Amino acid sequence: MSIQFTVPLTKLISAMKLEVAYMPPKEEEILISSADINRPGLQLAGFFDYFDNQRVQLIGKSELAYLSQLTPEQEEQVMEQFMAAKPVAVIQTRGNLPSPIAMEKAKKYGVPLFTTPATTTSFSASLTAFLNVELAPRITRHGVLVEVYGEGVLLLGDSGVGKSEAAIELVKRGHRLIADDAVEIRRVSDKTLVPEPRRTISAIFWSCGALASSTSGASSASAL
């Protein structure tokens, strides 16, 4: 059974630099579980078959143009239906502020409502990339990850065989250390794997520095 990963809504707000129009109580408990996003044009027109309220909803220029043609009574009915479906989050793009009716219905049903100055297309691409990484299936491997001439090289082996020493020698030759001890590998697409260090960079360099010092000290002692 595959593990379902989530990302806190608060992290998405920070990463995507969203402006909060309305946030319900206990925001830290709201989790995003779907990497897919939705443009709710069909839902605003009243078609809710196959609607997934776990997807982040993006309201862009087209959706707002449709809403602007409605009478206040029609808009209230449309937003009542849409917010009653309780989407996990609604984001309006291009800096467009939610209408008073949208704000009222968001508060009524506890739906987080945000704005962004970005265009719908660019924001959609950025949001999808962010969610694909945060929600990607992943495994952790004991090893050292080094970038060698732009390619990721994962050094694996039993404890004590010299993975860190080999990594230090590569770093001395101008290559870059990415992760030491534990490497989390995320599959963000069928063709792309993204490594994430499970330890902080400062801890990694401290370990390498300590190991290099001890190696240098041992060499000096043996020379004496």
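Bear in mind the structure is a predicted one, so any value in this text is a computation, not a measurement.

Participant: I would appreciate a short explanation of the sheet that holds strand 6 (residues 90–92) in the present structure.
Facilitator: Strand pairs in the sheet, formed through backbone hydrogen bonds, run parallel or antiparallel to each other. With mixed pairing, five strands are arranged side by side in an open sheet as 2-7-6-5-4. The sheet terminates laterally at strand 2 (19–22) and strand 4 (37–38), the two strands that pair on one side only. Bridge count for strand 6 against strand 7 (residues 113–115) is three bridges, and the pairing is parallel. Each residue of the ladder has a partner; that of Ile 91, found in strand 7, is Phe 114.

Participant: Where do I start with the nonpolar core in this structure?
Facilitator: The tendency in soluble globular proteins is for nonpolar side chains to be buried side by side. Membership of the largest hydrophobic core comes to 21 residues, with the highest contact counts inside it found for Leu 9, Leu 12, Leu 127 and Leu 131. Elements that contribute at least two residues to this core include exactly helix 1 (9–16), strand 5 (56–59) and helix 6 (120–134). For Leu 12, the contacting residues outside a window of four places in its chain are Lys 17, Leu 18, Ile 32, Leu 127, Phe 130 and Leu 131. Leu 44, Leu 70, Phe 82 and Met 103 belong to the second largest nonpolar core, which has 17 residues in total.

Participant: Please clarify how the pairing of strand 8 (residues 138–148) should be interpreted in this entry.
Facilitator: Regular strands have side chains that alternate between both faces of the sheet. Inspection of the sheet shows strand 8 paired to strand 11 (residues 182–187) by five bridges, in the antiparallel sense. Looking at the pairing, Arg 138 lines up with Arg 186 of strand 11. By the bridge criterion, six bridges tie strand 8 to strand 9 (residues 151–156) in an arrangement that is antiparallel. In the sheet register, Val 148 faces strand 9, and the bridge partner there is Glu 151. Remark: two residues form the turn of the hairpin made by strand 8 and strand 9, two consecutive strands paired antiparallel; Tyr 149 in that turn has positive phi of roughly 50°. The pairing of strand 8 with strand 10 (residues 176–179) spans three bridges and is antiparallel. Bridging from a neighbouring strand, Glu 147 pairs with Arg 176 of strand 10.

Participant: Looking at this model, I keep getting lost on the pattern of salt bridges. Mind explaining?
Facilitator: When the charged atoms of two side chains lie near each other, side chains of opposite charge can form a pair. All told, the structure shown has 12 salt bridges when counted by the stated rule. Glu 76 is the partner of Lys 105 in a salt bridge, and the nearest nitrogen-oxygen pair spans 3.5 Å. Residue Lys 105 is located in helix 5 (residues 100–109), and its partner Glu 76 is located in helix 4 (residues 72–84); the two are separated by 29 residues in the primary sequence. Put simply, Arg 186 and Glu 184 hold a salt bridge, and the shortest N to O gap is 3.0 Å. For the pair formed by Arg 186 and Glu 184, the shared burial category is buried. One salt-bridge network, held together by shared partners, links Glu 76, Glu 80, Glu 104, Lys 105 and Lys 108.

Participant: Would you take a moment to explain the packing of helix 4 against helix 5 for this structure?
Facilitator: The angle between the axes and the distance between the axes are what describe a pair of packed helices. Running from N to C, helix 4 and helix 5 cross one another at 30°; their axes reach a closest spacing of 9 Å. As the angle between them shows, helix 4 and helix 5 are arranged roughly parallel. Both helix 4 and helix 5 take part in a crossing whose hand is right-handed. On helix 5, the residues that touch Pro 72, Glu 75, Glu 76, Met 79, Glu 80, Met 83 and Ala 84 of helix 4 are Ile 101, Ala 102, Glu 104, Lys 105, Ala 106, Lys 108 and Tyr 109. Here the contact of helix 4 with helix 5 is composed, by residue class, of eight nonpolar, no polar and six charged.

Participant: What am I meant to see in helix 4 here?
Facilitator: Since the α-helix advances by 3.6 residues per turn, residues separated by three or four positions end up pointing in the same direction. Compared with the 18 Å implied by 1.5 Å per residue over 13 residues, the 18 Å span of helix 4 between its first and last C-alpha is a close match. Buried residues of helix 4: Glu 75, Val 78, Met 79, Phe 82 and Met 83, and no others. Projected down its long axis, helix 4 carries its buried residues within an arc of 120°, all on one side. For helix 4, exposure combined with an orientation more than 90 degrees from the buried face picks out Glu 73 and Gln 77. Check the buried side of helix 4 and you find it contacts helix 2 (41–44), strand 5, helix 3 (61–68), strand 6, helix 5 and strand 7. Immediately downstream of helix 4, the backbone of Lys 86 shows phi near 55°, a positive value.

Definitions and limits used
- Residues numbered from 1 in each chain as written.
- Predicted model: local features only at pLDDT ≥ 70, side-chain atom pairs only at ≥ 80, totals over all residues.
- Heavy atoms only, no water.
- Pairing = 2+ DSSP bridges.
- Helix = DSSP H or I, 4+ residues; strand = E, 2+ residues; numbered from the N terminus.
- Core = buried A, V, L, I, M, F, W, Y, C linked by side-chain atoms within 4.5 Å.
- Buried < 20%, exposed > 50% of the residue type's maximum accessible area, 1.4 Å probe, protein only.
- Contact = heavy atoms within 4.5 Å.
- Salt bridge = Lys/Arg side-chain N within 4 Å of Asp/Glu carboxyl O.
- Axes fitted to C-alpha atoms, helices over the stretch in contact; angles between N-to-C directions.
- Parallel < 35°, antiparallel > 145°, perpendicular 65-115°, else oblique.
- Left-handed = near helix turned anticlockwise from the far one by under 90°.
- Nonpolar A, V, L, I, M, F, W, Y, C, P; charged D, E, K, R; others polar.
- Expected span 1.5 Å × (residues − 1).
- Arc of directions from axis to C-beta.

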